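This is what each chain is made of:
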Amino acid sequence: MGSRGAFESVDMGNFSFKEGGQHYYSLGTLSNDSNVKVIVQDSKSVKAPEFSHTPGRIYAVVKDGSLKHLAYYDEEHKQAVSIDFAHEHKGVKPHRHVYLIHNKNDPGVPPTKEEQELIQKIKREFHLR
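This text gives an overview of the structure that appears in the document.

How each quantity is defined
Residues numbered from 1 in each chain as written. Predicted model: local features only at pLDDT ≥ 70, side-chain atom pairs only at ≥ 80, totals over all residues. Heavy atoms only, no water. Helix = DSSP H or I, 4+ residues; strand = E, 2+ residues; numbered from the N terminus. Buried < 20%, exposed > 50% of the residue type's maximum accessible area, 1.4 Å probe, protein only. Contact = heavy atoms within 4.5 Å. Areas by Shrake-Rupley, 256 points an atom, 1.4 Å probe, with all protein chains shown as cover. Pairing = 2+ DSSP bridges. Axes fitted to C-alpha atoms, helices over the stretch in contact; angles between N-to-C directions. Patch = residues over 30% accessible without salt bridge, like charges linked within 9 Å, V, L, I, M, F, W, Y side chains within 5 Å. Salt bridge = Lys/Arg side-chain N within 4 Å of Asp/Glu carboxyl O. Phe/Tyr/Trp six-rings, centres within 6.5 Å; stacked < 30°, edge-to-face > 60°.

## Considerations on the overall build of the protein
And then number 1: Per the secondary structure count, the protein includes one helix and eight strands.
And then number 2: Along the protein, from the amino end to the carboxyl end, the secondary structure elements read β-β-β-β-β-β-β-β-α.
And then number 3: Burial analysis of the protein (129 residues in total) assigns 44% to the buried set.
And then number 4: Within the protein, contacts between residues at least 6 apart in sequence are counted, and of these 29% link residues at least 24 apart.
And then number 5: Working note: accessible area of the protein is about 7200 Å², and carbon and sulfur atoms make up 49% of it.

## As for the sheet that holds strand β7 (residues 79-84)
And then number 1: Taken together, six strands build an open sheet; the order of strands is β3-β4-β5-β6-β7-β8 and the sheet is mixed. The sheet is open, and its two edges are formed by β3 (24-30) and β8 (95-98), each paired on a single side. Taken pair by pair, the neighbouring strands of this sheet meet at an average axis angle of 25°, ignoring direction.
And then number 2: As paired elements, strand β6 (residues 66-73) and β7 share five bridges and run antiparallel to each other. Opposite His-69, over in β7, you have Asp-84 as the bridge partner.
And then number 3: Running over the sheet, helix α1 (residues 113-126) touches β3, β4 (33-41), β5 (58-63), β6, β7 and β8 and is turned about 105° from β3.

## Structural notes on a nonpolar patch on the surface
And then number 1: A cluster of nonpolar side chains, namely Val-98, Tyr-99 and Ile-101, defines an oily patch on the protein surface of about 290 Å² accessible area.
And then number 2: Relative to the elements of secondary structure, Ile-101 occurs in the loop between β8 and α1.
And then number 3: The class for Ile-101 is exposed, based on a relative accessible area of 52%.

## Considerations on the packing of aromatic side chains
And then number 1: Applying the stated criterion across every chain yields a total of one aromatic pair.
And then number 2: Geometrically, the ring pair formed by Tyr-59 and Tyr-73 is edge-to-face, given 5.3 Å between the ring centres and 70° between the ring planes. Taken together, the positions of Tyr-59 in strand β5 and Tyr-73 in strand β6 put the pair 14 residues apart, joining distant regions of the chain. In this structure, Tyr-59 and Tyr-73 share a single accessibility class: buried.

Structure below.
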């Protein structure tokens with residue numbers, strides 16, 4: 001699996017990995033939803049992939065036994081929503097971003113009720129903090 005922008009050309013349908021991209025490996029999928037994939041990034045900086053090989057995918061990104069990101073992807077393989085557990089934004093942790101927009105002046109927006117429920121399922125099933 002590749003990394004943030006590691007595909008050659010998502011818009012052209014070329015999902016070959018760029019050399020030197022960050023890589024992830026899978027811990028598995030959520031038992032009641034195979035579209036939710038739990039992945040681990042094996043580098044110091046933990047970021048959710050910008051693109052998904054599978055349209056509509058949800059990735060839960062783990063580092064050192066903790067959930068760091070929950071990322072939702074649209075039908076064009078692009079990250080649509082990212083929930084960040086690693087730091088606060090305007091006093092809100094976790095907080096969500098839409099389409100990789102990270103304006104430091106925007107208010108912190110907490111995950112929705114549905115997102116919170118999914119977060120708890122992932123944490124329970126994969127024994128995450």
